[in-house]
Structure formats: C-alpha cells, structure tokens
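# Fold and geometry: a report
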Amino acid sequence: MPTIRVAGIKIVKKMKTEKKMSRPKSREKRKKAFMQEAEKLFDEMDNWYDKNPDASFEDIENRARIERREMMGKSLGVLINGRDVGKTLEAPDCDECEKAMTFKDYREKMIYGIEGDTVLERAYYVCDNCEKQTLFPPR
Ligand SMILES: [Zn+2]
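Residues numbered from 1 in each chain as written. Predicted model: local features only at pLDDT ≥ 70, side-chain atom pairs only at ≥ 80, totals over all residues.

## Here's the deal with the overall build of the protein
Test applied: A run of H or I in DSSP becomes a helix once it reaches four residues, and a run of E becomes a strand once it reaches two; helices and strands are each numbered from the N terminus. Partly exposed residues are those falling between the two cut-offs: more than 12 but fewer than 20 other C-beta atoms within 10 Å of their own, whereas 20 or more means buried and 12 or fewer means exposed, with C-beta atoms placed from the backbone. Residue pairs qualify as contacts under a 7 Å threshold applied to their C-beta atoms, which are placed from the backbone.
Scanning the protein for helices and strands turns up 2 helices and 5 strands. Of the regular secondary structure in the protein, the N- to C-terminal order runs β-β-α-α-β-β-β. Within the protein, buried positions represent 15% of all 139 residues. Of the contacts made within the protein by residues no fewer than 6 positions apart, 59% connect residues no fewer than 24 positions apart.

## Quick word on the environment of E37
In this structure, E37 sits in helix α1 (residues 27-51). Not counting the four nearest positions on each side in its chain, E37 is found in contact with M71, K74, S75 and V78.

## Focus on the environment of N81
Summarising the element assignment, N81 is placed in helix α2 (residues 57-81). C-alpha of N81 to C-alpha of L120: the two residues are 39 residues apart in sequence and 6.3 Å apart in space. Sequence-distant contacts of N81, that is, excluding residues within four places in its chain, are made with L120 and E121.

## Structural notes on the pairing of strand β3 (residues 102-112)
Stated precisely, the cut-off is as follows: We call two strands paired when DSSP finds no fewer than two bridges between them.
Two strands pair when backbone bridges link them, and β3 and strand β4 (residues 117-126) are joined in this way by 10 bridges, in the antiparallel orientation. Counted as the bridge partner of M110 is V119 from β4. The antiparallel pairing of β3 with β4 creates a hairpin that spans 4 residues between the two strands.

Read these as spatial facts, not as claims about activity.
Laid out in structure tokens, this is it:
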C-alpha cells in the first residue's frame, strides 16, 4: 500500500472503493452519528466495569484510553466525512494536460492520527486524456 507523509501524519492510501451515503450530511445527522459513537464508548466502558468490579482507577483510565482512541477516530470521521470531501461543482484540471478531470467515486484513506485512527473519504478524479493521471483533492 502506498504511504505518504503530510505534516508528520502518516497516510496510507486505501484503494478500496465503496459507495457512501449522500453528502454533505446535515449537522443534525452528523451530531446523531457522533452521539452514537459516544454512547458506544459509555456502553463499552460500563460493560467492562461490570465484568471488572475491582478495577482500580488506573485500570479504568487505561481501559478508557483505548476506548477513547477508538471513539475519537470514528468521531473525527463523522465530523470530516459528513462535510465537503473534495467533490467540486467544477472538476479540477489535470496537472499534465490541463483538461477537466472526471469524477470517479469516493475513496478512503486511513489516517493514523495522534488521538485516533480515522478513515477519511475523498472525492477521486481521473483524467480521461492522460492515462493513469489521478487526483485525490488535497487535505
Ligand atoms: Zn490529463
């Protein structure tokens, strides 16, 4: 898998293609998805504590750190992917031939961030003129 580095963050391009829901999503929908992740974190922690009633504060904190990382990664995905993910009204021009590129689909990139790992979706363009010339809008 191709790996690139942007501002110290490792980005691995995943070539898996998947059709996602229409976007951008409203704030109400993004908030709902975010709250579902928060509820999931609470349930995981609460279930874990049920099974480990003698856990020390440090044990609970260590467990929460793992769950938080998972929640943070997914929540950032909700926050970011629910907005503009690089699909523009007018297609961007090819760097090589300067002709308008064609929107292909949305692709995913895994970002290994400081607070969590997030799958970002980005609009994916190809140039019909120059073979293999592709573009993930930057960000
Ligand atoms: Zn081109």
